[in-house]
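Structure assessment
Below, each chain spelled out in residue letters.
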Amino acid sequence: MRIDIISIFPKMFSAVLDESMVKRAQLKGKVKIFTHDLRDYTLDKHRKVDDRPFGGGSGMVLQVEPIFRAVQAIKKKIKGKAKVILLCPQGKRLNQAYAKKLSGCRNLILICGHYEGIDERVRQYLADEEVSIGDYVLTGGELAAMVLVDSLVRLLPGVLGDKNSLNFESFEGNLLEYPQYSRPAKFKNWPVPEVLVSGDHRKINAWRKLQSFKRTRLKRPDLLKQ
Ligand code: 6GU
């Protein structure tokens, strides 16, 4: 998979891309991630990317032209199709199923929205999809893009060491993950459920399924309705 990210704050991404799982995935060759400074795609000497809104109003609007030039330049470098995604609060809300779908894409181009807004023509003519990470407003799409990238990359085949670690995690089949315990089995008066140390794997699996269901019903009943 290849992911290209267009942003006016490209330095923000190193905190996530150069650490942990996402870094390992890149080193393993499972994903290639490139960040692009939107200002590199401007033509004027002030490297201007925003302007006042037509019709008046407060704040600045990210202009369509540099974004168009960036998308064109990236598409030229990519072999084959690329899906262009605009990160903005109006987008389709990200969930595990959506992350799974996007993780099947060969190439993604992520545009990080900013300021009070982005020229509507980016939405109309450049973006194939709009993605939001939840119903709250961030100052820019950068954090959302990082959330999206992290959720996708860990789903790529061969990224997580243990194949099973994807099997029973939260949101698989719209259920939350069952409770996990590790050593020591005896700590203070805080016991580990007997069944987990019984060695009976049929019983353990049954217990885990039941716990998943119970805590989903308790904490996220909305998931069971879906
Ligand atoms: Cl993708 N962008 C911004 N600016 N705010 C958000 C968001 C995205 N998703 C949730 N809030």
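Counting of residues starts from 1 at the beginning of each chain's written sequence and follows it residue by residue. Per-residue local features are limited, in this predicted model, to residues with pLDDT of at least 70; the limit for side-chain atom pairs, both in listing and counting, is 80 or more; totals at the level of whole chains, interfaces and linings are taken over all residues. The side-chain quantities take in all heavy atoms of the structure and omit both hydrogens and water.

1. Section: the overall build of the chain
In terms of helices and strands, the chain carries eight helices and eight strands. Taking 17 Å as the expected radius of gyration for a compact globule of 226 residues, we find that the chain reaches 22 Å, considerably beyond that expectation. Viewed in the frame of its principal axes, the chain has a C-alpha envelope of about 70 × 40 × 35 Å. Each residue is assigned to one of three classes by its accessible area relative to the maximum for its type, calculated with a 1.4 Å probe on protein chains only: buried under 20%, partly exposed between the two thresholds, exposed over 50%. Residue burial in the chain is summarised as follows: out of 226 residues, 41% are buried. Starting at the N terminus, helices and strands are each numbered in turn, a helix being any DSSP run of H or I of at least four residues and a strand any DSSP run of E of at least two. Put simply, the radius of gyration uses C-alpha atoms, and a globule should come to 2.2 Å times the residue count raised to 0.38.

2. Digging into the site of the ligand
We call a residue near a given molecule or strand whenever any one of its heavy atoms falls within 4 Å of it. Around the ligand, the structure places L87, C88, P89, V131, S132, I133, G134, Y136, L138, G140, G141 and A144. A distance of 3.3 Å separates a nitrogen atom of the ligand from a polar atom in the side chain of S132. Each accessible area value is a Shrake-Rupley result obtained with a 1.4 Å probe; residue values ignore everything except the protein chains displayed when judging cover. Here the ligand, which alone exposes 290 Å², has 97% of that area covered by the protein. Space inside and on the surface of the protein is sampled on a 1 Å grid over the protein atoms alone, with a cavity defined as a set of points where a 1.4 Å probe fits but cannot get out and a pocket as an open set with protein on both sides within 12 Å along at least 5 of 7 lines; lining residues have an atom within 4 Å of a point. Criterion for pocket placement: a molecule counts as inside a cavity or pocket if more than half of its atoms are within 2 Å of its grid points. Counting atoms within 2 Å of the grid points, the majority share of the ligand lands in the second largest pocket. The set of elements that each furnish at least two residues to the shell around the ligand consists of β5 (83-93) and β8 (129-132). By residue number, the principal contributor to the shell around the ligand is β5, which donates three residues. Amino acid classes used here: Ala, Val, Leu, Ile, Met, Phe, Trp, Tyr, Cys and Pro are nonpolar; Asp, Glu, Lys and Arg are charged; the rest, including Gly, are polar. Broken down by class, the residue content of the shell around the ligand amounts to eight nonpolar, four polar and no charged. Polar contact criterion, stated in full: a pair of N or O atoms within 3.5 Å, where within protein one must be able to donate a hydrogen and the other to accept it, and residues adjacent in sequence count only if both atoms are side-chain atoms.

3. Here's the deal with the pairing of β5
When DSSP finds two or more bridges between a pair of strands, those strands are recorded as paired. In the sheet, β5 pairs with strand β6 (residues 107-112) via five bridges, with the strands oriented parallel. Considered in β6, the bridge of K83 is made with L108. For the crossover that starts at β5, traverses helix α4 (residues 96-102) and ends in the parallel β6, the hand is right-handed. By convention, a crossover is right-handed whenever its connection, traced from the first strand over the helix to the second and viewed with the strands pointing away, goes clockwise.

4. Overview of helix α6 (residues 142-153)
In this model α6 runs 16 Å from its N-terminal to its C-terminal C-alpha over twelve residues, within 8% of the 16 Å that 1.5 Å per residue would give. Counting buried positions along α6 yields nine of twelve residues, so the element is predominantly enclosed. Residue count minus one, scaled by 1.5 Å, sets the expected span of a helix.

5. Quick notes on the pattern of salt bridges
Salt bridges are defined by distance alone: a side-chain nitrogen of Lys or Arg within 4 Å of a carboxyl oxygen of Asp or Glu. With the rule as written, the count across this model stands at eleven salt bridges. Salt bridges sharing partners connect three or more residues here, namely D37, D40 and R47.

6. Quick word on the sheet that holds strand β7 (residues 117-118)
With mixed pairing, three strands are arranged side by side in an open sheet as β3-β4-β7. Strands with a single pairing partner mark the edges of an open sheet, and in this sheet they are β3 (50-51) and β7. Bridge analysis of β3 against strand β4 (residues 61-62) gives two bridges, and the strand direction is antiparallel. Its bridge partner lying in β4, D50 is registered against L62.

7. What to know about the nonpolar core
Put simply, a nonpolar core is a bunch of buried Ala, Val, Leu, Ile, Met, Phe, Trp, Tyr and Cys residues held in one set by side-chain atoms that sit within 4.5 Å of each other. If you look at the biggest cluster of nonpolar residues, it comprises 31 residues, and the most contacted ones within it are I3, I5, L110 and V149. Residue assignment for this core shows that the elements contributing at least two residues are β1 (2-7), α2 (20-27), β5, α4, β6 and α6. In terms of residue count, the dominant contributor to this core is α6 (seven residues). Contacts between residues were defined by any pair of non-hydrogen atoms, one from each residue, lying within 4.5 Å. In contact with L110, not counting residues within four places along its chain, are I3, D4, I5, I6, I85, L87, A145, L148 and V149. Listed in part, the 21 residues of the second largest apolar core include Y41, I78, C88 and A127.

8. Concerning the side chain of S212
Mapping S212 onto the fold places it in helix α7 (residues 201-219). The class for S212 is buried, based on a relative accessible area of 7%. With near-sequence residues (within four places) excluded, S212 lies in contact with L175, L176, E177 and Y178.

9. Focus: unusual backbone geometry
The omega torsion of the bond from R183 to P184 falls at 10°, within 30 degrees of zero and hence cis. Relative to the helices and strands, P184 is located in the loop between α6 and α7. In this model, R47 sits at a positive phi of 55°, which is unusual for a non-glycine residue. Mapped onto the elements of the fold, R47 is located in the loop between β2 (32-37) and β3. Positioned with a positive phi, K188 is a non-glycine residue whose angle comes to about 45°. Within the secondary structure, K188 is located in the loop between α6 and α7.

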